[in-house]
Amino acid sequence: MPNILEVKDLRTYFFTYEGVVKAVDGVSYELEEGETLGLVGESGCGKSVSALSVMRLIPDPPGRIVNGEIQFEDEDILKIDMNDMRRIRGGKIAMVFQEPMTSLNPVLTVEKQITETLELHMGMTRAEARREGVDLLARVGIPDPDKRIKQYPHQFSGGMRQRVMIAMALSCNPRLIIADEPTTALDVTIQAQILELMKALTTEFGVALIIITHNLGVVARYADRVNIMYAGKIIERGSAREIYANPRHPYTVGLLRSVPRLDLPRRMRLDPIEGQPPDLVNLPPGCSFRERCRWAIDKCATDTPELIPAGEGHLSACFRAEELGDLIKEVVAEEARKFGADAESEAAPEPVASEAVASEENQPGEDG
Ligand SMILES: Nc1ncnc2c1ncn2[C@@H]1O[C@H](COP(=O)(O)OP(=O)(O)OP(=O)(O)O)[C@@H](O)[C@H]1O
Ligand code: SF4
Ligand SMILES: [Mg+2]
């Protein structure tokens, strides 16, 4: 499939009194038509800023895109004027925000909001737009769409508001949808339903999707490829299957171990990453994950690891990427000894990077 989006060396900084916050610092990736990409990392690593940069929605001041190229279809997003950008935004690229109440207008009915975009971007008449609006609400699973379309956002539950947002995102036949933490405010069952729905609709319409989340379990299940972000950079990139079965960066290993997994004994399942991400204003030299990395070596304090190939279609920014599989096995064996009796009474422990994780009966993220 041809690429629909190509981001090259994107740098988005915030110029604050405390200094320059390098929120996105040299990010490059591409997205194919119809592909689902997961963008994963802890709070503050630059996920939203990188998405907002693609939409050119960075508040200026204090923010500015200081470098890079964002090629979307045949347009260079960073070079076009704001009128053209408005045409793309809400037209070819749609965004679903984390908290729907902040992006739905509380004083307008859903009908007004949905038909307005359809009239503006699709050139429909009021009556056509209304029919299309009802149809879209039905598609995203809102019961009684004829009646519900006349209601205000506060009359919908959190999950239903998310569905309205998705209907609005789909309303202009976008080629790309960016969903920023689309589900964290919802309970897990509704989260799964919403993601299931987004995945089904994007597959049906051949729309590319970027899912932003903290939870690697979520993307392992829904994404084709994954970008792992840390301190403003992509530090690992690969297919969801590869990342899950064969992580090549210690931070990714930490993320995998901090989501619940059924393939590991209960006491070994959750292991949050210790320590805090570095201050984006004063990034220390060397690898920015160093302070939290159990496998750091001297070189990590002085040299910055580049994102380089670490397998088929797999990239990692770690000096020890090649050895990581063995290093993980050592840790897992050590833990198995430590948890000894407890672990024995449960399923046999499997290393995070084991083949079993990616086997057919154990699909990525089935438990996440
Ligand atoms: N308007 C702003 N002014 C100054 N700094 C900002 C601004 N917006 C974002 N930042 C900084 O940019 C960095 C990246 O923020 P971003 O919102 O992209 O994080 P995130 O990965 O989306 O986190 P979360 O998971 O919490 O949503 C953070 O350090 C944040 O403080
Ligand atoms: S480069 Fe060094 S500090 Fe950074 S993740 Fe790899 S081993 Fe750890
Ligand atoms: Mg965010």
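About the criteria used
- Residues numbered from 1 in each chain as written.
- Chains lettered and ligands numbered in written order.
- Predicted model: local features only at pLDDT ≥ 70, side-chain atom pairs only at ≥ 80, totals over all residues.
- Axes fitted to C-alpha atoms, helices over the stretch in contact; angles between N-to-C directions.
- Helix = DSSP H or I, 4+ residues; strand = E, 2+ residues; numbered from the N terminus.
- Left-handed = near helix turned anticlockwise from the far one by under 90°.
- Contact = placed C-beta atoms within 7 Å.
- Nonpolar A, V, L, I, M, F, W, Y, C, P; charged D, E, K, R; others polar.
- Near = placed C-beta within 6 Å.
- Buried ≥ 20, exposed ≤ 12 C-beta atoms within 10 Å, placed from the backbone.
- Pairing = 2+ DSSP bridges.

A. How the structure looks around the packing of helix H4 (residues 110-122) against helix H5 (residues 126-139). At their nearest, the axes of H4 and H5 sit 9 Å apart, and the two run at 120° to each other. Here H4 runs over H5; the crossing is right-handed. Contact residues: Glu111, Ile114, Thr115, Leu118 and Glu119 in H4; Arg126, Ala129, Arg130, Glu132, Gly133 and Leu136 in H5. Tallied by class, residues from the contact of H4 with H5 come to four nonpolar, two polar and five charged.

B. Here's a closer look at the site of ligand 1. If you check the shell around ligand 1, you find 17 residues, and the closest are Ala23, Ser43, Lys47, Ser48 and Val49. Within the residue set of the shell around ligand 1, elements represented by two or more residues are strand E1 (3-16), strand E2 (19-32) and helix H1 (47-54). With three residues, the top contributor of residues to the shell around ligand 1 is H1.

C. Structural detail: H1. Among the eight residues in H1, eight count as buried, and that is most of the element. Taken residue by residue, H1 has Lys47, Ser48, Val49, Ser50, Ala51, Leu52, Ser53 and Val54 as its buried positions. Where H1 ends, the next residue or the one after it, Arg56, has phi of about 50°, a positive value.

D. Fine view of the sheet that holds strand E8 (residues 208-213). If you trace the eight strands from one edge of the open sheet to the other, you get E6-E7-E8-E3-E9-E10-E12-E11, paired in mixed fashion. Every interior strand has two partners, whereas the edge strands, strand E6 (93-96) and strand E11 (308-309), have only one. In terms of strand pairing, strand E9 (residues 225-230) meets strand E10 (residues 233-239) through six bridges, oriented antiparallel. Bridging across to E10, Arg225 finds its partner in Ser239.

E. Broad picture of the environment of Ser28. Relative to the assigned elements, Ser28 resides in strand E2. Setting aside anything within four residues of it in sequence, one finds Ser28 in contact with Val7, Lys8 and Asp9.

F. Seen up close, the site of ligand 2. The full set close to ligand 2 counts 13 residues, and Cys287, Cys293, Ala296, Cys300 and Cys318 are the nearest of them. Grouping the amino acids of the shell around ligand 2 by side-chain chemistry returns ten nonpolar, one polar and two charged.

G. Structural view of unusual backbone geometry. Here the amide bond leading from Asp60 into Pro61 is cis, since omega sits at -5°, within 30 degrees of zero. If you trace the backbone, Pro61 turns up in the loop between H1 and strand E4 (63-72). A positive phi is found at Asp9, a non-glycine position, where the angle reads about 45°. The exposure class assigned to Asp9 is exposed, which follows from the 11 C-beta atoms found within 10 Å. The phi angle at Asn173 is positive, at roughly 50°, despite the residue not being glycine. As for its position among the elements, Asn173 is in the loop between helix H7 (158-170) and strand E7 (176-180). Its 12 C-beta neighbours within 10 Å are what place Asn173 among the exposed residues.

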